[in-house]
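Now for the letters of each chain:
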Amino acid sequence: MRNTATSTVPLGSPLYAQVKQAMLAALASGEWKQGDAVPPEKTLAERFGVSIGTLRKAIDELAAENILVRHQGRGTYVAVHTRNHHFFKFFRIVRQDGHKSYPATQLLRFRRARATALVRERLGLPTGAYVFEFSNVLSLNGDVVMVDDICLPESRFPGMTEGHLRERPSTLYALYQDAFGVNVIATDERLRVCLADATHAEWLGVAEHTPLLEIRRVAYSYNRQAVEWRVSRVNTAAYEYLGQEPGAALTT
């Protein structure tokens, strides 16, 4: 396969997987942005030196992952993630009766700081890199439910200000997409139990040392580029984590 982008797929991988990885690399480099039409299939097949069938199989996978979207008679476009689909794909906290709702968010603090060793490891940053750190408290149905402590690499979010966060018209990931061209397409999450420290207990309105659900998340853009490190602490007295929709794993 001819390609100017760096491929990270293992040697011996199917050709369509190599094409898929090359297209993800192009997306990661900003060659195609959200809402852009990607080049015609014939052009891409020639670029990568593969057949139309191989190229289409790669596009099929990217479309199934909601990275690309086909419009009949118009071509293939980079997906623009809408509020409903994108938000509930990544926001997994629901009331214990299953009711979903959008949270009301209050920004508690914001600063620019040098990344700690842990943050550098999670985000793949060099020593001395700067990040933006901020904390939000989230309420659902009038109940204060969780606190998010978030770190973003300054290199991916240049010029971010407290005003961006306070004045954003939609979700946080929509802000990343619209203002900074960073499209979150996947996350890795790890769950554990923690005890509320004094600060988080005050923010959540619970007693210090109350057991909380702790969710540690790395969010990724194209080509597995880590773009966000987030630690969420959740009061589960009336809310819970929904791993996937009931029946989502069933196939017919």
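Computed from a predicted structure; not experimentally measured. (Residues numbered from 1 in each chain as written. Predicted model: local features only at pLDDT ≥ 70, side-chain atom pairs only at ≥ 80, totals over all residues. Heavy atoms only, no water.)

A.B. asks: Please explain the overall build of the protein chain as it appears in this structure.
C.D. replies: Across its full length, the protein chain holds eight helices and 10 strands. The buried share of the protein chain, taken over its 252 residues, is 43%. For the protein chain, the exposed area adds up to about 13,000 Å²; of that, 50% sits on carbon and sulfur atoms. (Helix = DSSP H or I, 4+ residues; strand = E, 2+ residues; numbered from the N terminus. Buried < 20%, exposed > 50% of the residue type's maximum accessible area, 1.4 Å probe, protein only. Areas by Shrake-Rupley, 256 points an atom, 1.4 Å probe, with all protein chains shown as cover.)

A.B. asks: Can you help me understand helix α1 (residues 15-28) in this one?
C.D. replies: Since there are 3.6 residues in each turn of an α-helix, residues three or four apart along the chain are aligned in direction. With 14 residues, α1 extends 20 Å from end C-alpha to end C-alpha; this agrees with the ideal 20 Å at 1.5 Å per step. By the criterion of burial, α1 is predominantly enclosed, with 11 of the 14 residues buried. Listing the buried residues of α1 in full gives Tyr16, Ala17, Val19, Lys20, Gln21, Ala22, Met23, Leu24, Ala25, Ala26 and Leu27. On its buried side, α1 packs onto α2 (41-48), α3 (52-64), β1 (68-71) and β2 (75-78). Of the residues flanking the end of α1, it is Gly30, one or two places downstream, whose phi is positive at about 90°. (Expected span 1.5 Å × (residues − 1). Contact = heavy atoms within 4.5 Å.)

A.B. asks: When you look at the pattern of salt bridges in this model, what are you seeing that I'm missing?
C.D. replies: Pairing of side chains with opposite charge becomes possible as their charged atoms draw close. This model, assessed by the stated rule, comprises 19 salt bridges. We note a salt bridge from Arg233 to Asp149, for which the minimum N-O separation is 2.7 Å. Placement of the pair is Arg233 in strand β9 (residues 226-234) and Asp149 in strand β6 (residues 143-153), with a sequence separation of 84 residues. Here the two residues Arg233 and Asp149 agree in accessibility, since each one is buried. Arg216 is the salt-bridge partner of Glu214, the closest N and O atoms lying 2.8 Å from each other. (Salt bridge = Lys/Arg side-chain N within 4 Å of Asp/Glu carboxyl O.)

A.B. asks: Explain the environment of Tyr16 here, please?
C.D. replies: With respect to the helices, strands and loops of the structure, Tyr16 is situated in helix α1. Through-space distance from the C-alpha of Tyr16 to that of Ser51 is 9.6 Å; in sequence the pair is 35 residues apart. Look past the residues within four positions of Tyr16 in its chain and what remains in contact with it is Thr54, Lys57, Ala58 and Glu61.

A.B. asks: Help me understand the sheet that holds strand β7 (residues 186-195) in this model?
C.D. replies: Pairing is antiparallel in the open sheet, where six strands are placed in the order β4-β5-β6-β9-β8-β7. Whereas interior strands pair on both sides, the edge strands pair on one side only; in this sheet they are β4 (104-114) and β7. Taken over all neighbouring pairs, the strand axes of this sheet differ in orientation by 15° on average, direction set aside. Where β6 meets β9, six bridges bridge the pair, whose relative direction is antiparallel. Residue pairing for β9: Cys151 is matched across the bridge by Trp229. (Pairing = 2+ DSSP bridges. Axes fitted to C-alpha atoms, helices over the stretch in contact; angles between N-to-C directions.)

A.B. asks: What am I meant to see in the pairing of strand β8 (residues 211-220) here?
C.D. replies: On a regular strand, each side chain points to the face opposite its neighbour's, so the side chains alternate between the two faces of the sheet. Burial within β8 is extensive, with eight of its 10 residues counted as buried. Note that β7 and β8 share 10 bridges and pair antiparallel. Pairing of Ala186 across the sheet is with Tyr220, part of β8. The antiparallel pairing of β8 with β9 creates a hairpin that spans five residues between the two strands, and Asn223 there sits at a positive phi of about 60°.

A.B. asks: I would appreciate a short explanation of the nonpolar core in the present structure.
C.D. replies: If you look at soluble globular proteins, the nonpolar side chains tend to sit buried side by side. Formed by 21 residues in total, the largest nonpolar core has its most connected members in Met23, Trp32, Leu44, Phe48 and Leu55. Looking at this core, the elements with two or more residues in it are α1, α2 and α3. No other element matches the six residues that α1 contributes to this core. If sequence neighbours within four positions are ignored, Trp32 has contacts with Met23, Ala26, Leu27, Val38, Pro39, Leu44, Arg47 and Val78. In this structure, Leu172, Tyr173, Phe180 and Val182 belong to the second largest nonpolar core, which totals 18 residues. (Core = buried A, V, L, I, M, F, W, Y, C linked by side-chain atoms within 4.5 Å.)

A.B. asks: I would appreciate a short explanation of the packing of α1 against α3 in the present structure.
C.D. replies: Any two packed helices are characterised by how steeply their axes cross, that is the angle between the axes, and by the distance between the axes. At a minimum axis distance of 8 Å, the contact between α1 and α3 shows a crossing angle of 60°. Judged by the inter-axis angle, α1 sits oblique to α3. Every pair of crossing elements has a handedness; the one defined by α1 and α3 is right-handed. For the pair α1 and α3, the contacting residues are Leu15, Tyr16, Val19, Lys20, Met23 and Leu24 in the first and Thr54, Leu55, Lys57, Ala58, Ile59, Glu61 and Leu62 in the second. (Parallel < 35°, antiparallel > 145°, perpendicular 65-115°, else oblique. Left-handed = near helix turned anticlockwise from the far one by under 90°.)

A.B. asks: What is the right way to look at the confidence of the model for the protein chain in this model?
C.D. replies: Residues shown with low pLDDT carry predicted positions that ought not to be read at fine detail. Within the protein chain, residue pLDDT values average 89, and 89% of them lie at 70 or more. Long-range and interchain partners of residues 247-252, a stretch whose pLDDT sits below 50, account for one contact in this model, where long-range means more than four residues apart. (pLDDT = per-residue confidence, 0-100.)

A.B. asks: Whenever I open this one, the environment of Val206 confuses me. Can you help?
C.D. replies: Mapped onto the elements of the fold, Val206 is located in the loop between α8 (198-204) and β8. Here the alpha-carbon distance between Val206 and Ala196, two residues 10 residues apart in the chain, equals 8.0 Å. The residues contacting Val206, other than those within four sequence positions of it, are Ala196, Ala201 and Asn235.

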